[in-house]
Amino acid sequence: MGRNSPPHSPAGSHAADADGDPDSANRTRQRTGWVRFLIPVILIAVWFGVGGVGGPYFGKIGEVADNNQTSYLPASSASTRVAELQQKFKDSDAIPAVVVYVNDGGLTEADRTFVTARASELAKVGGVAGGVSPPQFSTDGKAAEIFVPVQDNDSASATVEDLGSAVREGIPPGLNGYVTGPAGQLADITEAFGGIDTSLLLVAALAVLVILVVVYRSPLLPFLVLLTSIFALSAAILVVFYLAKAGTLTLNGQVQGILFILGIGAATDYSLLYVSRYRESLRDYEGRWEATKAALKGTFEPVLASAATVTAGLLCLLLSDLNSNKALGPVAAIGIGFAFLAAMTLLPALLMLTGRAAFWPRRPKFGSEHPDRDGNSPKGFWPRVARTVKSHPRRTWVIPSLVLLIAAAGLLQLRASGVPQSDFVLGQTATKEGQQILGEHFPSGSGSPVLIVAPDGELNAVAREVLSVPEVDALAVNATGTPAGTLPVTADGVQASPVPGTSGAPRVVDGKVLLEATLKDAAESDAAEQAVTAMREKVSGIGDVLIGGVTATTIDTNAAAAHDRNLIIPVVLVVILFLLMLLLRSLLAPFLLILTVLLSFGATMGVSALMFNHVFRFPGADPAVPLFGFIFLVALGVDYNIFLMTRVREESLLHGTREGVVRGLMITGSVITSAGIVLAATFAALGVIPVLFLAQLAFIVAFGVLLDTLVVRSLLVPALSYDLGRRIWWPSKLSRQAAGQHREGFPGHAGPGPLGSFRRRGSGPLV
């Protein structure tokens, strides 16, 4: 048996057949060739069909996204129940817009006449639900406000834009008009997320393509990898669209953006791993079929473990009490699932058909050396890094650990107690400017009242307790038969309508009434939160009273975020630790890997806090930011350790642990670094969406992935593993076995030793 025909090779078996019956052997080879040709063709056809069907849904998925505030509310909080009950007290499904007119020199008689006339005209704007309030003039004589109900539908943002045009049309000199309030904020959010379907995808795809071209220096291979990622995302979007349309899951702009980025980034990462292994196999096997089988065998387990780890971490978000967090878990898990399927089916099929041509002009030749591991002294950047780890292991892991600990001290400056809803969208908008003017001339809580649902029989008792809170400026009850839709309430009870010639009565729904308390302070201020907390305490002994509204929602959201953080983070750690133990067949290695990832996460959040406060000048951070950062950084950080340590374990079985660490680092260094850079670039693309939460998440994940890829996985983990030696695999057999005991388990492995002395030949162009 020759050098190129090892035992049990296809070439050898075909030769044996040929000695018996040449015609039968030829027919067998032909049938085998056709089967090996049809399998990739069928896979490609299926994926192209999925891409053709799912592609148009890139532009449609926004139709099932709900960016209303209710999609972010805590699932079981009082504010959520109030938001649901509030709908029963409305004559129409509408959200309030607040029109504010201001003249810094004081409203003239002409200004007042214009404002009064324009108030009646605003009801004619398409999308306005009717019931526009008469203008209310400020006590300083400089401003006026009008409450306009806007239909809560897909056209709400366009209605606000039309309303703004109507407000400013023919406005007298010196008078300025703005549209603000909840409807204005919703319009800002909708506009901010409007770039998800186009700019976000284009920026992410372009960034990935540029990096792939630099990495592969091939005109074809980058497009095959990118095509795999796009088709994976198409399939995920198709499934998510119909699940959201059926009401099975909730989709909002934040979740949609993360799905796009995670889908492209994960699929590209998994593809990079496969391409690297396939290129190795093409040097060891002449036929594409055998090279594909070897590449899949070497890639499937770590990529499956990676996908399972990320999916498990994401699904832990189902334990969240926040609707927005619950939505992300299954949506992102679907994206990861299709990324795995595409990288393990579509890409191998594409590369099997294109073969070595995909790598042109740097084709891997059969029988050629592996430049990153063959020979007595491999050359290149990663062999130099590996030699450094080998020469000074303890110094190489201790110094980075100390630097990361110092960086983690920045966590003390992280301000993640929440931000005003007006800061949800970055940059200055007309809505924000109008809100500031509103707060200067009217009670700052105007337009965002505290909502109180109480039993009809307890109306007066609740009113007395609410009005005893010093921060309350006015109280009203939802009513029928009045132009404004409310009646004033004092400590003496419900008062008559202030509009002459009208009368009204409190609206009672299922034995309950809806009270609206206007605060002196802005709804998003600390003083407003203290006022709502005081209200809840005062009415706690009066029947079934629920308090909601903007301020209450902020309080409940912060409380839910703290609950989620304390519950989900430990669960994620336990789940990922368990998966690592199964994969690495060890207790010590998974425990140390988790510690390194936690150290990396702490350093990332510390640096992020400094950047947010002193460079970007952000007003703070959403309470969910640390949790999301943890989920992504821990899951993705463990990913790269999985890619490294599975290869280290494979090499350790052949060469011993310390030599296995060196070889594993040399072999995986380039591909894992490329994968990290790709993922960092895709998450950085989230920064094109002017939303505070996404901008912060983009920086945290991009910086954290680079830190984990370039420092933790390249230096800290290999050096620590080398320093510990085979003890790293305790208590598995590998921690007690000598090098080379399992060589028979890796036929065809190239490198020093008896099994590295031959390459595999196939029996044909597709074999």
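Just so you know, these numbers come straight off a predicted model, no measurement behind them.

Quick notes on the rules
- Residues numbered from 1 in each chain as written.
- Predicted model: local features only at pLDDT ≥ 70, side-chain atom pairs only at ≥ 80, totals over all residues.
- Heavy atoms only, no water.
- Core = buried A, V, L, I, M, F, W, Y, C linked by side-chain atoms within 4.5 Å.
- Buried < 20%, exposed > 50% of the residue type's maximum accessible area, 1.4 Å probe, protein only.
- Contact = heavy atoms within 4.5 Å.
- Helix = DSSP H or I, 4+ residues; strand = E, 2+ residues; numbered from the N terminus.
- Expected span 1.5 Å × (residues − 1).
- Arc of directions from axis to C-beta.
- Salt bridge = Lys/Arg side-chain N within 4 Å of Asp/Glu carboxyl O.
- Pairing = 2+ DSSP bridges.
- Axes fitted to C-alpha atoms, helices over the stretch in contact; angles between N-to-C directions.

Asks: What is the right way to look at the nonpolar core in this model?
Replies: Generally speaking, soluble globular proteins have nonpolar side chains that are buried together. The biggest cluster of nonpolar side chains holds 164 residues, and the ones touching the most others in it are Tyr270 and Phe632. Excluding residues within four positions of it along the chain, Tyr270 makes contact with Val303, Ser306, Ala307, Ile336, Ala339, Phe340, Ala343, Asp639 and Phe643. Val466, Ala531, Ala552 and Ile555 belong to the second-largest nonpolar core, a separate cluster that totals 29 residues.

Asks: Could you clarify how one ought to interpret helix H5 (residues 156-168) in this entry?
Replies: Under the 1.5 Å per step criterion, the end-to-end length of H5 is 19 Å for 13 residues, consistent within 8% with the ideal 18 Å. Taken together, the buried positions of H5 are Ala156, Thr159, Val160, Leu163, Gly164, Ala166 and Val167. An end-on view of H5 places all buried positions within 165° of arc, on one side of the element. Elements that come into contact with the buried residues of H5 comprise strand E1 (94-102), helix H4 (109-122), strand E3 (143-151), strand E4 (176-180) and helix H6 (181-192). The positive-phi residue at the C-terminal boundary of H5 is Gly170, with phi of around 65°.

Asks: What is the right way to read the pattern of salt bridges from this model?
Replies: All chains considered together, the criterion is met by twelve salt bridges. For the salt bridge of Lys124 with Glu121, the shortest nitrogen-to-oxygen distance reads 3.5 Å. Across the pair Lys293 and Glu290 runs a salt bridge, and its minimum N-O distance is 3.7 Å. Residue Lys293 and its partner Glu290 are both found in helix H10 (residues 288-315); the two are separated by three residues, about one turn of the helix. Three or more residues joined by partner-sharing salt bridges are found here, namely Glu280, Arg647, Glu651 and Arg663.

Asks: Sorry if this is basic, but what is going on with the sheet that holds E1 here?
Replies: The strands making up a sheet associate through backbone hydrogen bonding, with each pair oriented either parallel or antiparallel. The strand order across the open sheet built from four strands is E2-E3-E1-E4, with neighbouring strands paired in antiparallel fashion. The sheet terminates laterally at strand E2 (136-137) and E4, the two strands that pair on one side only. The strands touched by H5 are E1, E3 and E4; relative to E4, the strand with the most contacts, the crossing angle is about 165°. Across the face of the sheet, H6 comes into contact with E1, E3 and E4 while running at roughly 100° to E1.

Asks: Any chance you could explain the environment of Leu720 here in plain terms?
Replies: Following the sequence through the fold, Leu720 ends up in helix H21 (residues 692-724). Taking the relative accessible area as the measure of exposure, Leu720 reaches 13% and is therefore buried. Separated by 324 residues in the primary sequence, Leu720 and Thr396 place their C-alpha atoms 8.1 Å from one another. The contact partners of Leu720, leaving out residues within four places of it in the chain, are Trp397 and Leu592.

Asks: How do you make sense of the environment of Val466 when you look at a structure like this?
Replies: Mapped onto the elements, Val466 comes out in helix H15 (residues 459-467). Residues Val466 and Ile452 lie 14 residues apart in sequence; the distance between their C-alpha atoms is 9.4 Å. Residues contacting Val466, with those up to four places away along its chain left out, are Ile452, Val472, Leu475, Ala517, Met535 and Val539.

Asks: Sorry, what's going on with the side chain of Thr292 here?
Replies: You can see Thr292 is positioned in helix H10. Thr292 gets classed as buried once you look at its relative accessible area, which sits at 7%. Ignoring any residue separated from it by four or fewer positions in sequence, one finds Thr292 in contact with Tyr274, Tyr278, Pro348 and Met352.

Asks: Teacher, can you tell me more about the environment of Ala339 here?
Replies: Relative to the assigned elements, Ala339 resides in helix H11 (residues 323-354). Owing to a relative accessible area of 0%, Ala339 belongs among the buried residues under this scheme. Discounting chain neighbours no more than four positions away, the residues touching Ala339 are Ala232, Gly263, Ala266, Ala267 and Tyr270.

Asks: Got a minute to help me understand the pairing of E3 in this structure?
Replies: Regular strands place their side chains on alternate faces of the sheet. The element E3 is largely enclosed, with a buried count of seven among its nine residues. Linking two consecutive strands that pair antiparallel, namely E2 and E3, is a turn of five residues; a positive phi of about 75° is found at Gly141 within it.

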